[in-house]
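Descriptive structure summary
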Amino acid sequence: MRCLPLLRTLKGRPVASNPQQGSGTILALTLGFVVLALLAGLLLLAQAGVIASRAASAADLAALAAADAARGIASGDPCAVAAGVAGRQGATVTACDVVRGEVVEVATELEQPFLLGRATGRARAGPPP
């Protein structure tokens, strides 16, 4: 005697009586969405790291240029020079202080895309010891 699976009818069509039918599809879709969400989070985290690095680099370059202006190697006001250099890097100078005549401390800010806020950088430069 052959065993046949029990069949139910749904609107006149035979349907297998396995209650887990289709659960693998739901599980695969859920797993796919979780992987996509993790990848999107990783992408945002990587982009935030890149923007923070760019803000720090802009602060370093601005502080070095401002220190040269403070020592008289380059012409111009140190903070104006720092603002110009930071502007060419896409950043804005939020603070600029000339300490002890030749040491310059600069803080920069860089706007991040995707509503992540702002990245900041700080640097200090002056003559060699």
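Below, the structure is looked at part by part. Everything numeric in this text was worked out from a predicted model, so none of it was measured.

Below, the discussion takes up helix α2 (residues 78-88). In an α-helix, one full turn covers 3.6 residues, which means residues spaced three or four apart are oriented alike. Within α2 the residues assigned to the buried category are Pro78, Val81, Ala82, Val85 and Ala86. Here the buried residues of α2 occupy an arc of 130° about the axis, which is enough to place them on one side. Of the residues flanking the end of α2, it is Gly90, one or two places downstream, whose phi is positive at about 85°.

Glancing now at helix α1 (residues 23-71). Under the 1.5 Å per step criterion, the end-to-end length of α1 is 72 Å for 49 residues, consistent within 8% with the ideal 72 Å. The set of residues buried in α1 consists of Ile51, Ala55, Ala58, Ala59, Ala62, Ala63, Ala65, Ala66, Ala67 and Ala69. Lining the buried residues of α1 we find α2, β4 (103-111) and β5 (118-125). Directly after α1, the chain includes Gly72, whose backbone phi takes a positive value near 90°.

Taken in spatial order, the three strands line up as β3-β4-β5 in an open sheet, and their pairing is antiparallel. One side of each edge strand has no neighbouring strand; the edge strands of this open sheet are β3 (92-99) and β5. This sheet shows a mean twist of 10° between the axes of neighbouring strands, independent of strand direction. When β3 meets β4, the two strands line up antiparallel, connected through seven bridges. Bridging across to β4, Cys96 finds its partner in Val106. Across the face of the sheet, α1 comes into contact with β4 and β5 while running at roughly 30° to β5. In the packing of α2 onto the sheet, contacts are made with β3 and β4, and the angle to β3 comes to roughly 150°.

Another point: the packing of α1 against α2. Where α1 contacts α2, the axes come no closer than 8 Å and their chain directions differ by 150°. As judged from the angle between their axes, α1 and α2 are roughly antiparallel. In this structure, α1 crosses over α2, and the sense of that crossing is right-handed. Residues Leu61, Ala62, Ala65, Ala66, Ala69 and Ala70 of α1 pack against Pro78, Val81, Ala82, Val85 and Ala86 of α2. The residue inventory of the contact of α1 with α2, partitioned by class, reads 11 nonpolar, no polar and no charged.

Among the secondary structure elements, Arg88 is positioned in helix α2. Exposure remark for Arg88: the relative accessible area of 66% places this residue in the exposed category. In this structure the C-alpha to C-alpha distance between Arg88 and Ala58, which are 30 residues apart in sequence, comes to 8.7 Å.

Before going further, it helps to examine the nonpolar core. Most often, soluble globular proteins have nonpolar side chains that are buried together. If you look at the biggest cluster of nonpolar residues, it comprises 18 residues, and the most contacted ones within it are Ala62, Ala63, Ala82, Ala91, Val104, Val106 and Leu110. Residue assignment for this core shows that the elements contributing at least two residues are α1, α2, β4 and β5. Sort the elements by how many residues they give to this core and α1 lands first, with eight residues. With residues near it in sequence (within four places) discarded, Ala63 still touches Val104, Val106, Ala123, Arg124 and Ala125.

This paragraph deals with the state of the cysteines. In this structure the tally under the stated criterion is one disulfide. The disulfide that involves Cys79 links it to Cys96, with 2.2 Å between the sulfurs. With the S-S bond torsion at -90°, the cross-link from Cys79 to Cys96 turns out left-handed. Of this pair, Cys79 sits in helix α2 while Cys96 sits in strand β3, and the two are 17 residues apart along the sequence. According to the relative accessible area criterion, Cys79 is partly exposed, its value standing at 24%.

What counts, and where the lines are drawn
- Residues numbered from 1 in each chain as written.
- Predicted model: local features only at pLDDT ≥ 70, side-chain atom pairs only at ≥ 80, totals over all residues.
- Heavy atoms only, no water.
- Buried < 20%, exposed > 50% of the residue type's maximum accessible area, 1.4 Å probe, protein only.
- Helix = DSSP H or I, 4+ residues; strand = E, 2+ residues; numbered from the N terminus.
- Arc of directions from axis to C-beta.
- Expected span 1.5 Å × (residues − 1).
- Contact = heavy atoms within 4.5 Å.
- Pairing = 2+ DSSP bridges.
- Axes fitted to C-alpha atoms, helices over the stretch in contact; angles between N-to-C directions.
- Parallel < 35°, antiparallel > 145°, perpendicular 65-115°, else oblique.
- Left-handed = near helix turned anticlockwise from the far one by under 90°.
- Nonpolar A, V, L, I, M, F, W, Y, C, P; charged D, E, K, R; others polar.
- Core = buried A, V, L, I, M, F, W, Y, C linked by side-chain atoms within 4.5 Å.
- Disulfide = S-S within 2.5 Å.

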